[in-house]
Amino acid sequence: EEAVEEAVMEDGTEMSLAAGGEETMGAFSLWMADYCAFCDGQHVALEVLTNFFLLDEEQADGVAPNQLAQQTKKLKERLALPAIELLLCHGVSPFAESLSQSRPLAHVWRMRCGSLLRALDACCNAFSYDPALLATPTQLWESFYGILGEALKTPEVASSACRCLWTVCRHLSRKNVYIPEYVSEKHMEQLCLLLKEKSGLTGDTDLQVALVGVLSAYYRHPPKKSCPLGGLVSVANVVVALLFSPTVAVVDEALNFVFEVFGESYHNGVFINQKYSQKLGMVHGRLQKMLDTQVGSVANPAEDAEAGCLEAACTNLQAFLEYKAQEHE
């Protein structure tokens, strides 16, 4: 068997292994086992942290007094920011570069990075109503966006990273922050290219949904002199094309983009020039056929989540088309 030529120690230094050398290989095997155990321990700790921040206080009422549930909620809000800073500074950043390198135990590094990102997403959600986050929206965005490039090489990690970006955007939207002032449109153009690349790949459903969510949160704002949002046309064309996706979750999020971005009149020029009314009319007919097929294939359509999503999409799209027709009269 060929000996592993080099490995990376826990402190980042390289450990050379000579071919042959049973003693060296034995030492390396012991180190590898210890490192896996170390990562397993960190993985468990991150899962516990994630589960804590995802705890639903209302569900906790069934096993604890309401006062305890309120205390848990306050504790999460107080601990979220320190947890985010800790994970960003000592967790994700050192692992971003390692994702692209071919080295022993690369899968362990990727798994840990995925756990870190899921924990970050949970912390951001718990922290999303705290105004303190507004002090550093650009820094938080850059921290997440900086790791996204390498994270894309592992689908699970990519989806988690995009959900983190989406969480930041949703938080800023809730605070009525004009996101284009904090986030460069170049980032949106890069995300749009990624979305176009992933379009049609059913295995990347979660990633597509998260990407559309980020783009929607950005372009729902009106253009300003300092932020003309010139990339909207190309972004909207990519998202509208997703309305013909076979995946209901992707279609649903793409419709949300249309409703949020074109629901107000300030983007009417793009809506009219790109003839989106005609395209959306075709989408409505297609969704209705999908709904009819779905209803005919299940025993109890009322209990089928996908059929329910399609029905809501058809209803909402019909109402939207009627609204835009009246607006343009």
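Criteria and cut-off values
All residue numbers refer to position in the chain's written sequence, counted from 1. Predicted model: local features are reported for residues with pLDDT of at least 70 only, side-chain atom pairs are reported and counted for 80 or more only, and whole-chain, interface and lining totals are derived from all residues. The basis for every side-chain value is the complete set of non-hydrogen atoms in the structure, without hydrogens or water. As used here, the term nonpolar core means buried Ala, Val, Leu, Ile, Met, Phe, Trp, Tyr and Cys residues forming a set that is joined through side-chain atoms within 4.5 Å. Each residue's exposure class comes from its accessible area (1.4 Å probe, protein chains only) as a fraction of the maximum for that residue type: buried when under 20%, exposed when over 50%, partly exposed otherwise. Contacts are residue-level and defined by heavy atoms, with any inter-residue pair within 4.5 Å sufficient. Stacked, tilted and edge-to-face are the three classes assigned to paired rings of Phe, Tyr and Trp, where Trp is represented by its six-membered ring and a pair needs centres within 6.5 Å; plane angles under 30 degrees give stacked, over 60 edge-to-face, the rest tilted. Only when the NZ of Lys or the CZ of Arg is both within 6 Å of the ring centre and within 35 degrees of the ring normal is a charge said to sit over the ring. Every helix listed is a DSSP run of H or I at least four residues long, and every strand listed is a run of E at least two residues long, numbered separately from the N terminus. For a helix, the expected span equals 1.5 Å multiplied by the residue count minus one. For this quantity, the arc is that covered by the directions from the helix axis to the C-beta atoms. Whenever two N or O atoms come within 3.5 Å, that pair is a polar contact, provided that in protein one can donate a hydrogen and the other can accept it, and provided that, for residues adjacent in sequence, both atoms are side-chain atoms. Put simply, a salt bridge is a Lys or Arg side-chain nitrogen that is within 4 Å of an Asp or Glu carboxyl oxygen.

Caption draft 1: Highlighting the nonpolar core. Core analysis: the largest hydrophobic core is formed by 81 residues, its most contacted members being Phe257 and Phe262. Once you skip the residues sitting within four places of it in the chain, Phe262 turns out to touch Leu232, Ala236, Phe257, His267, Val270, Phe271, Tyr276, Phe320 and Lys324.

Caption draft 2: Region of the structure containing the packing of aromatic side chains. With the rule as written, the count across this model stands at eight aromatic pairs. The interplanar angle of 70° and the centroid separation of 5.0 Å between the aromatic rings of Tyr218 and Tyr219 together place this pair among those described as edge-to-face. Judged by its relative accessible area of 2%, Tyr218 falls in the buried class. Assessed through its relative accessible area of 0%, Tyr219 is described here as buried. For Arg170, the ring lying beneath its charged end belongs to Trp166, and the centroid distance is 4.9 Å. The ring of Tyr178 is capped by Lys224, whose NZ or CZ atom sits 4.1 Å from the centre of that ring.

Caption draft 3: Helix α7 (residues 185-198), seen in detail. Between the first and last C-alpha of α7 there are 20 Å, a value that for 14 residues agrees with the 20 Å anticipated at 1.5 Å per step. When α7 is considered as a whole, its buried residues turn out to be Glu185, His187, Met188, Leu191, Cys192, Leu194, Leu195 and Lys198. In a view along the axis of α7, the buried residues occupy a sector of 165°, so they form one face of it. Relative to its buried face, α7 has exposed residues pointing more than 90 degrees away, namely Lys186, Leu193, Lys196 and Glu197. Near the N-terminus of α7, the side chain that reaches the backbone nitrogen of Lys186, with its oxygen 3.1 Å away, is that of Ser184. Residue Gly200 follows α7 closely and has a positive phi angle near 90°.

Caption draft 4: Main features of the pattern of salt bridges. According to the stated counting rule, one finds three salt bridges in the structure shown. Salt-bridge contacts for Lys224 lead to Glu181; the nearest nitrogen and oxygen are separated by 3.6 Å. Of this pair, Lys224 sits in the loop between α8 (205-219) and α9 (232-241) while Glu181 sits in the loop between α6 (155-174) and α7, placing them 43 residues apart in sequence. The salt bridge partner of Glu327 is Lys324, with a shortest N-O separation of 2.8 Å. Taken together, the positions of Glu327 and Lys324, both in helix α13 (residues 305-327) and three residues apart, correspond to about one turn of that helix. The exposure class assigned to Lys324 is buried, which follows from its relative accessible area of 0%.

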